[in-house]
Amino acid sequence: MTGNDIVDKFTAAAESNWKRKGFLEKLFTGQEQQLIGEASIPEDMLWRLWTMKESAYKIYTRQFGGRFFAPHKINCTILSNTSGCVTLNTINYQTITRSTKNYIYSMARLDKNAQQAFLNCCFRLPQWTYAKQQAFIYDNIINQYAVFTGTIKNGLSLKKDKDGIPFLSCQGDMSVIPVSITHHGHFAAFTIY
Amino acid sequence: MSKDAMIEKLKSIVKPYVKNEEGFNNLNADSDFMKDLKINSANLVDVILDIENEFDILIDNESMEKMLTVQSAMDTINAKLGEK
């Protein structure tokens, strides 16, 4: 099982004022705030930690169901420039983060021995409305999955359960394929495992 | 404050962060900040900080955990105002 999360750095700079009073305190533990404060580029560390938390949370909710907004319960440890560990209710998730000048993208998995996602794709979105971008992302997922697995794409559809957790379903097949999807600003990514 | 007045106040608070206009136009007590209004999770903290400022209350982590819908936000606001 995998989870992922992306932050478009330009959108984040425009839409989130991380210096506002209470922002860091509500989202990060004391230790994480210290990491942000000591980082050479605080914004990059902040969004790295945030995407780590989000990507692990997405696995957790798929495992156990239910939704909550409790960033303080999700603890991040930085292991290297790219790898990290996230703990949520005693469960550990391994993360890999990719940082570019445009975005910060984290992918989490349940344990480090698990296989990599068999499809992991990150792409730029046209400057469309949010709804049109969403439709584009869904189409892209179906197309890429169909090509990758040699399935006929007409039978594939992307659905969400009552908690908003996405999955691919195949016509005539009862099994569902878990997909983790992330979209922020002009970037989107998905993983399938 | 009446329920309608509070919903109106919350509507003006969430407006800058909403990505789904249709969800915003149909905003009601059952609206989900992320699922229906498509508010980014990183902006949910802005909604919470704006609520704190607007109603002059402090929202602790435990209360924040459940604030995923307009109704749960109203419940928290009323509880915090009641403690004053």
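Heads up: these notes are all about the structure in this document. (Residues numbered from 1 in each chain as written. Chains lettered and ligands numbered in written order. Predicted model: local features only at pLDDT ≥ 70, side-chain atom pairs only at ≥ 80, totals over all residues. Heavy atoms only, no water.)

Here we take up the nonpolar core. Core analysis: the biggest nonpolar cluster contains 59 residues, and Trp47(A), Phe69(A), Val14(B) and Ile51(B) have the highest contact counts within it. The set of elements that each furnish at least two residues to this core consists of helix H2 (23-27), helix H4 (42-64), strand S2 (74-78), strand S3 (83-88) and strand S5 (103-109) of chain A together with helix H1 (3-14), helix H3 (41-55) and helix H5 (70-83) of chain B. It is H4(A) that contributes the most residues to this core, 10 residues altogether. Residues Ile142(A), Cys170(A), Ile177(A) and Ile192(A) belong to the second largest nonpolar core, which totals 19 residues. (Core = buried A, V, L, I, M, F, W, Y, C linked by side-chain atoms within 4.5 Å. Buried < 20%, exposed > 50% of the residue type's maximum accessible area, 1.4 Å probe, protein only. Helix = DSSP H or I, 4+ residues; strand = E, 2+ residues; numbered from the N terminus.)

On to the packing of aromatic side chains. Residues and elements named next belong to chain A. A full pass over the atoms with the stated rule returns 9 aromatic pairs over all chains. Look at tyrosine 60 and phenylalanine 64: their rings are 4.8 Å apart centre to centre, the planes differ by 50°, and that puts the pair in the tilted class. With tyrosine 60 and phenylalanine 64 both in helix H4, this residue pair falls 4 residues apart, about one helical turn. You can call phenylalanine 64 partly exposed: its relative accessible area is 48%. (Phe/Tyr/Trp six-rings, centres within 6.5 Å; stacked < 30°, edge-to-face > 60°.)

Side chains of Phe118(A), Phe148(A) and Tyr193(A) sit close together on the surface and give an oily, nonpolar patch of about 280 Å² of accessible area. Here Phe118(A) lies in the loop between S5 and strand S6 (119-124). (Patch = residues over 30% accessible without salt bridge, like charges linked within 9 Å, V, L, I, M, F, W, Y side chains within 5 Å. Areas by Shrake-Rupley, 256 points an atom, 1.4 Å probe, with all protein chains shown as cover. Salt bridge = Lys/Arg side-chain N within 4 Å of Asp/Glu carboxyl O.)

Chain A puts 25 residues into the contact, and the matching count from chain B is 23 residues. Ranking the residues of chain A by area buried against chain B places Lys26(A), Arg67(A) and Phe69(A) at the top, with a combined share of 37%. The closest approach of N and O atoms between Arg67(A) and Asp32(B), which form a salt bridge, is 2.6 Å. Listed by contribution, the elements that provide at least two residues to the side of chain A that touches chain B are H2, H4 and strand S9 (176-184) of chain A. Looking at the side of chain A that touches chain B, its residues break down into 9 nonpolar, 6 polar and 10 charged. (Contact = heavy atoms within 4.5 Å. Buried area = accessible area lost by both parts, 1.4 Å probe. Nonpolar A, V, L, I, M, F, W, Y, C, P; charged D, E, K, R; others polar.)

Residue and element names in this part refer to chain A. Within S5, 7 of the 7 residues are buried, which leaves the element mostly enclosed by the surrounding structure. Of the two faces of S5, the one carrying Tyr103, Tyr105, Met107 and Arg109 and the one carrying Ile104, Ser106 and Ala108 are both buried. In this sheet, S5 lies alongside strand S1 (residues 2-8) in antiparallel orientation, the contact comprising 7 bridges. Within S5, the position partnered with aspartate 5 by the bridge is serine 106. Here 6 bridges tie strand S4 (residues 91-99) to S5, and the two strands are oriented antiparallel to one another. The partner of isoleucine 96 across the bridge, within S5, is methionine 107. In sequence, S4 turns back onto S5 through a hairpin of 3 residues. (Pairing = 2+ DSSP bridges.)

It is worth spelling out the sheet that holds S1(A) at this point. Residues and elements named next belong to chain A. With antiparallel pairing, the 5 strands of this open sheet are ordered in space as S1-S5-S4-S3-S2. The open sheet terminates on both sides in strands that have one partner only, identified here as S1 and S2. Averaged over neighbouring strand pairs, the angle between their axes works out to 25° when direction is ignored. In this fold H4 packs onto S1, S2, S3, S4 and S5, with an angle of close to 150° to the strand it touches most, S1. (Axes fitted to C-alpha atoms, helices over the stretch in contact; angles between N-to-C directions.)

Turning our attention to the layout of surface pockets. Each pocket or cavity is described by its volume, and for the largest pocket that value is around 1,000 Å³. The wall of the largest pocket is formed by 45 residues, among which Glu54(A), Lys58(A), Ile181(A), Met34(B) and Ser41(B) lie closest to the centre. Looking at which element gives the most residues to the lining of the largest pocket, the answer is H4(A), with 7 residues. Tallied by class, residues from the lining of the largest pocket come to 19 nonpolar, 14 polar and 12 charged. When residues are assigned to domains, the lining of the largest pocket turns out to be shared by domain 1 (2-115) and domain 2 (120-192) of chain A, each giving three or more. (1 Å grid on protein atoms, 1.4 Å probe; cavity = no way out; pocket = protein on both sides within 12 Å on 5 of 7 lines; lining within 4 Å. Points joined across faces, edges and corners; volume = space filled by probe spheres on them. Domains from an automatic or database assignment.)

We now examine the side chain of Thr97(A). Residue and element names in this part refer to chain A. With respect to the helices and strands, the residue threonine 97 is situated in strand S4. Exposure remark for threonine 97: the relative accessible area of 5% places this residue in the buried category. Of the polar contacts made by the side chain of threonine 97, one reaches the side chain of serine 106; its length is 2.7 Å. (Polar contact = N/O pair within 3.5 Å; in protein donor to acceptor, adjacent residues only side chain to side chain.)

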